[in-house]
There are 2 protein chains.
Amino acid sequence: MKIAVLGTGAGARCHTARLTELGHHVIVGTRNPEATLARTEPDMMGTPPYRDFHAAHPGIELHTFSEAADAAELVISGIDGAHAVQALSALPRQALAGKTLVDYAVPYVYQQPDQVERPWPTPWGVMPRLDPVDTDSLAEQIQRALPETKVVKAFVTQEQETVTHPEEFAGGDHTMLVAGDDADAKAAAGELLRAYGWRDIVDLGPLAAARGMEMYAHLHTAIGLALGTRFGVKIVR
Amino acid sequence: MKIAVLGTGAGARCHTARLTELGHHVIVGTRNPEATLARTEPDMMGTPPYRDFHAAHPGIELHTFSEAADAAELVISGIDGAHAVQALSALPRQALAGKTLVDYAVPYVYQQPDQVERPWPTPWGVMPRLDPVDTDSLAEQIQRALPETKVVKAFVTQEQETVTHPEEFAGGDHTMLVAGDDADAKAAAGELLRAYGWRDIVDLGPLAAARGMEMYAHLHTAIGLALGTRFGVKIVR
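Reading the values: rules and limits
Residues numbered from 1 in each chain as written. Chains lettered and ligands numbered in written order. Predicted model: local features only at pLDDT ≥ 70, side-chain atom pairs only at ≥ 80, totals over all residues. Heavy atoms only, no water. Helix = DSSP H or I, 4+ residues; strand = E, 2+ residues; numbered from the N terminus. Rg over C-alpha atoms; globule rule 2.2 N^0.38 Å. Buried < 20%, exposed > 50% of the residue type's maximum accessible area, 1.4 Å probe, protein only. Contact = heavy atoms within 4.5 Å. Lys, Arg positive; Asp, Glu negative; His and termini not counted. Charge placed at Lys NZ, Arg CZ, Asp CG, Glu CD. Pairing = 2+ DSSP bridges. Axes fitted to C-alpha atoms, helices over the stretch in contact; angles between N-to-C directions. Least-squares fit on C-alpha atoms with pLDDT ≥ 70 in both. Patch = residues over 30% accessible without salt bridge, like charges linked within 9 Å, V, L, I, M, F, W, Y side chains within 5 Å. Areas by Shrake-Rupley, 256 points an atom, 1.4 Å probe, with all protein chains shown as cover. Salt bridge = Lys/Arg side-chain N within 4 Å of Asp/Glu carboxyl O. Parallel < 35°, antiparallel > 145°, perpendicular 65-115°, else oblique. Nonpolar A, V, L, I, M, F, W, Y, C, P; charged D, E, K, R; others polar. Polar contact = N/O pair within 3.5 Å; in protein donor to acceptor, adjacent residues only side chain to side chain. Buried area = accessible area lost by both parts, 1.4 Å probe.

Details of the overall build of chain A
1) Next: Of regular secondary structure, chain A possesses 11 helices and 13 strands.
2) Next: Here the C-alpha atoms of chain A give a radius of gyration of 17 Å, agreeing with the 18 Å that 2.2 N^0.38 yields for 237 residues.
3) Next: Its C-alpha atoms give chain A principal-axis dimensions of roughly 45 × 45 × 35 Å.
4) Next: Looking at the 237 residues of chain A, the share that counts as buried comes to 55%.
5) Next: Residue pairs at least 24 apart in sequence account for 73% of intrachain contacts in chain A once pairs closer than 6 positions are excluded.
6) Next: Measuring between centres, the 20 positive side-chain charges of chain A sit 2 Å from its 30 negative side-chain charges.

Right under this line is the structure:
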């Protein structure tokens, strides 16, 4: 299948590499391909520049968001939460209309420790806050901005290395959660997930459930910091 | 040990019954014992009146919040999130000073569907919102209100029937999370949890981690609605 992965960060690269390995035709989208390839330094999270990944995967095309989405049957958005609605709304209508878009971003707002009234310390500073939170979600904002697109929230309750390689924990015996208002779009996301190796996929129902999925980010981070390692989450019943 | 369970709701009854079964001396606290025993109807969640539980457990004393906390070495607060800070702040200082208080409430604010801009439908109406959320937590509010008390957030990431009977899922092989600023208080909570049957207890560190624990409530509810049953959550690594 022709799949656009929008975004060039660490999570997007996990999907890009794994989907290519699974035989899909992946087109990576970025704001400005020249600028993306010109960067030579790691980002603030220590992720190496995309040019390294690009050089290691010579078959994977890098285009603008618009070109990538336009060429694809299914779109995965790894655009960070602070920019996703604006960047996706700016695309020509036909690039996304009628398509399934899987969003996995957390709508983080990064904060300086000295600007926060009650900081929650982390090794890299303080826990970001979420916007939107509780009574709305990034996924719903995207859906409202793109009424002709079938938005699915998925992947976000595990790290993207884990999403694309579930077998790393408990032989793949843990749980992936999805939500969305369109059953066919959720089925398409489910097919990708089964190809990644997921066997336990729980459909949480309407896209409003993305609120809970995004808000879980703080707990996931806290567990990761406590364990000092990645992990999987299994719903036992 | 003398343990006060503050609150007479369904969750509080789970702890009351189980701790009594485990040989502890449990004193239940409520705002007004006479009023609590006078109620004859189920509450809005369908929980039978406390008088039924009281009659079935004739050895378990029911007193005021103040009397119960005053008599106890350790306090479990099952006071609902909307009233916990006010109710606990109103107690005489010596009732809680120096003691471990385990809080497991979610700070729900219940909403009428027609007053909500973007309702997240549930079988009983709409998902409540949380207050505080994201940049503060109920547990931290309680800690700020009671600086001489050692507040631990625990139990909240599983339902209280599951907390008190972890063996119901995967033979007890799933995960309990705790957070708090006092190591001794977390150790005391951990002892109770091991007596309940928990073997995998992850300490998330400072009480600020309660933000993530409380915010997980929405995801937990969504999973429960999707599965139509209670469940356990296991961190696999």
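After presenting the structure, the write-up continues.
Quick look at the pairing of strand β5 (residues 100-103) of chain B
Residues and elements named next belong to chain B.
1) Next: Here β5 shows two buried faces, one formed by Thr-100 and Val-102 and the other by Leu-101 and Asp-103.
2) Next: Here strand β4 (residues 74-77) runs beside β5; their pairing, made up of 4 bridges, is parallel. Across the sheet, residue Ile-76 finds its bridge partner in β5, namely Val-102.
3) Next: Sheet analysis places β5 next to strand β10 (residues 150-154), joined by 4 bridges and oriented parallel. Looking at the pairing, Asp-103 lines up with Lys-153 of β10.

Examining the sheet that holds strand β2 (residues 25-30) of chain A
Residue and element names in this part refer to chain A.
1) Next: Taken in spatial order, the 8 strands line up as β3-β2-β1-β4-β5-β10-β11-β12 in an open sheet, and their pairing is mixed. Here the strands that pair on one side only, and so sit at the sheet edges, are β3 (61-64) and β12 (200-203). If you compare each strand with its neighbour and ignore which way they point, the axes differ by 25° on average.
2) Next: Across 3 bridges, the pairing between strand β10 (residues 150-154) and strand β11 (residues 175-180) is antiparallel. Bridge pairing in β11 links Ala-154 to Val-178.
3) Next: In this fold helix α7 (residues 138-145) packs onto β5 (100-103) and β10, with an angle of close to 170° to the strand it touches most, β10.
4) Next: Most of the contacts of helix α9 (residues 183-196) go to β11, to which it runs at about 160°, and overall it touches β1 (2-6), β4 (74-77), β5, β10, β11 and β12.

Remarks on the sheet that holds strand β11 (residues 175-180) of chain B
Adjacent strands of a sheet form backbone hydrogen bonds with each other and so pair up, either parallel or antiparallel.
Residues and elements named next belong to chain B.
1) Next: Overall, mixed pairing links the 8 strands, which are arranged β3-β2-β1-β4-β5-β10-β11-β12 in an open sheet. Among the strands making up the open sheet, the edge pair consists of β3 (61-64) and β12 (200-203). Strand-to-strand twist of the sheet, defined as the mean angle between neighbouring strand axes without regard to direction, takes the value 25°.
2) Next: Sitting on the sheet, helix α7 (residues 138-145) is in contact with β5 and β10, with an inclination near 170° to β10.
3) Next: Relative to β11, helix α9 (residues 183-196) is tilted by about 160°, and along the sheet it contacts β1 (2-6), β4, β5, β10, β11 and β12.

Focus: the relation of the copies chain B and chain A
1) Next: Overlaying chain B on chain A yields an RMSD of 0.0 Å, the required transformation being a rotation through 180° with an accompanying axial translation of 0.0 Å. Expressed as a symmetry operation, the mapping of one chain copy onto the other fits a two-fold axis.
2) Next: A share of 100% of interface residues in chain B that are also interface residues in chain A marks the association as one of identical surfaces.

So, the environment of Met213(A)
Residue and element names in this part refer to chain A.
1) Next: Here Met-213 is to be found in helix α10 (residues 210-215).
2) Next: Since its relative accessible area comes to 1%, Met-213 is described here as buried.
3) Next: Sequence separation of Met-213 and Thr-157 is 56 residues, and the distance between their C-alpha atoms is 6.1 Å.

Looking at a nonpolar patch on the surface
1) Next: On the surface, Met44(A), Met45(A) and Tyr110(A) cluster together to form a nonpolar patch covering roughly 410 Å² of accessible area.
2) Next: Within the secondary structure layout, Tyr110(A) lies in the loop between β6 (108-109) and β7 (121-122).

Some points on helix α11 (residues 217-227) of chain A
1) Next: Most of α11(A) is tucked away, with 8 of its 11 residues classed as buried.
2) Next: The inward-facing, buried residues of α11(A) contact β6, β9 (129-130) and α10 of chain A together with β11, α10 (210-215) and β13 (232-236) of chain B.
3) Next: Looking one or two residues beyond α11(A), the residue adopting positive phi is Gly228(A), at roughly 70°.

Regarding the packing of helix α1 (residues 10-21) of chain B against α9(B)
Residue and element names in this part refer to chain B.
1) Next: With their axes 11 Å apart at the nearest point, α1 and α9 run at an angle of 75° to one another. Taken together, the axes of α1 and α9 lie roughly perpendicular to each other. Residues His-15, Arg-18 and Leu-19 of α1 form the contact with α9, whose own contacting residues are Leu-192, Ala-195 and Tyr-196.
2) Next: Looking at the contact of α1 with α9 residue by residue, the class counts come to 4 nonpolar, 1 polar and 1 charged.

Brief notes about the side chain of Lys234(A)
1) Next: Looking at the secondary structure, you find Lys234(A) in strand β13 (residues 232-236).
2) Next: Engagement of the side chain of Lys234(A) in a polar contact is seen with the side chain of Asp173(A), the distance being 2.9 Å.
3) Next: Non-local contacts of Lys234(A), meaning those with residues more than four positions away in its chain, are made with Asp173(A), His174(A), Thr175(A), Gly232(B), Val233(B), Lys234(B) and Val236(B).

Considering the interface of chain B and chain A
1) Next: Listed as interface residues are 40 residues of chain B and, on the opposing side, 40 residues of chain A.
2) Next: Broken down residue by residue, the surface that chain B buries against chain A is led by Arg118(B), Trp120(B) and Val236(B), which jointly contribute 19%.
3) Next: There are 2 salt bridges connecting chain B and chain A.
4) Next: Of the charged contacts in the structure, one is a salt bridge between Arg118(B) and Asp136(A), with a shortest N-O distance of 3.5 Å.

Keep in mind these values describe shape, not function.
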